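# Structural features, examined
So the chains spell out like this:
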Amino acid sequence: MDTREYEWSDIGVVMAGRNVARFRNISYTESQEKEALYAKGDKPHGIQHGNKAFSGTVTLLQSELDAIDIAAGGDLLDARMNIIVSYGNPSKGDVIKTDLISSLEFTEVSKGMAQNDKFAEIELPFIALDIRRNYA
């Protein structure tokens, strides 16, 4: 049995139509409101479902942020884009798995550096309209 898992070097990211090389982190979450439905007795009778939500963060180096900002038209807070995240390395025999984070918008952009920093790392939180796992 092959126990190989995806490694950091096996992840590819495309944002605003650009293949992103200088990203340090990407994380995204799908969530749905759920609530136990109570009626007679002290045990729930069912589980009711509410709204779904899609959010995450992408962390870029300063030079990549600048390039994405230009590709997005100059104002990341007004831009709407897709992010494609692919997992796998065909040269290692992996089947490529691709997730599509669609129609995302960044909720904040903050920059900063501290004494002795070797590079600037910028975390960009976002919300999206959908996340499609195993997108073909």
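Above this note sits the structure.
Notes on the structure in this doc start here.

This part covers the overall build of the protein. In terms of regular secondary structure, the protein is built from one helix and eight strands. Against the 2.2 N^0.38 benchmark of 14 Å for 136 residues, the protein shows a C-alpha radius of gyration of 19 Å, more extended than a compact globule. With the principal axes as the frame, the protein shows a C-alpha extent of 60 × 45 × 30 Å. Counting only contacts in the protein whose residues sit at least 6 apart along the sequence, the fraction spanning at least 24 positions is 62%. Counting only carbon and sulfur atoms, one obtains 48% of the accessible surface of the protein, whose full area is about 9000 Å². Each charge sign in the protein was given a centre, from 15 positive and 21 negative side chains, and these centres are 5 Å apart.

Before going further, it helps to examine the pattern of salt bridges. Within this structure, the stated rule accounts for seven salt bridges. Note that E7 is salt-bridged to K92, the shortest N-O span being 2.9 Å. Taken together, the positions of E7 in the segment before β1 (11-15) and K92 in the loop between β5 (81-87) and β6 (97-106) put the pair 85 residues apart, joining distant regions of the chain. Owing to a relative accessible area of 38%, E7 belongs among the partly exposed residues under this scheme. Among the salt bridges present, the one from E64 reaches R18, with a minimum N-O distance of 2.3 Å. Note that E64 is positioned in helix α1 (residues 62-71) and R18 in strand β2 (residues 18-20), a separation of 46 residues in sequence. Here E64 falls in the buried class, since its relative accessible area comes to 1%. Relative accessible area serves as the criterion here: at 26%, R18 is assigned to the partly exposed category. One salt-bridge network, held together by shared partners, links E7, D10 and K92.

Counted according to the given criterion, the structure contains three aromatic pairs. Summarising the aromatic geometry, the rings of Y6 and Y87 are spaced 5.9 Å apart at their centres and angled 35° between planes, so their arrangement reads as tilted. Of the two residues, Y6 is situated in the segment before β1 and Y87 in strand β5; the sequence distance between them amounts to 81 residues. The partly exposed category is assigned to Y6, whose relative accessible area is 39%. Ring centres of F106 and F126 lie 6.5 Å apart, and the angle between their planes is 85°; this geometry places the pair in the edge-to-face category. One end of the pair, F106, is in strand β6; the other, F126, is in strand β7 (residues 121-128), with 20 residues separating them in the sequence. With a relative accessible area of 4%, F106 lands in the buried category.

A separate point is the nonpolar core. In terms of nonpolar packing, the biggest core is built from 27 residues, with M15, I26, L60, I101 and F106 touching the most fellow members. Elements supplying a minimum of two residues to this core: β1, β3 (23-38), β4 (44-61), α1, β5, β6 and β7.

About the cut-offs
Residues numbered from 1 in each chain as written. Predicted model: local features only at pLDDT ≥ 70, side-chain atom pairs only at ≥ 80, totals over all residues. Heavy atoms only, no water. Helix = DSSP H or I, 4+ residues; strand = E, 2+ residues; numbered from the N terminus. Rg over C-alpha atoms; globule rule 2.2 N^0.38 Å. Contact = heavy atoms within 4.5 Å. Areas by Shrake-Rupley, 256 points an atom, 1.4 Å probe, with all protein chains shown as cover. Lys, Arg positive; Asp, Glu negative; His and termini not counted. Charge placed at Lys NZ, Arg CZ, Asp CG, Glu CD. Salt bridge = Lys/Arg side-chain N within 4 Å of Asp/Glu carboxyl O. Buried < 20%, exposed > 50% of the residue type's maximum accessible area, 1.4 Å probe, protein only. Phe/Tyr/Trp six-rings, centres within 6.5 Å; stacked < 30°, edge-to-face > 60°. Core = buried A, V, L, I, M, F, W, Y, C linked by side-chain atoms within 4.5 Å.

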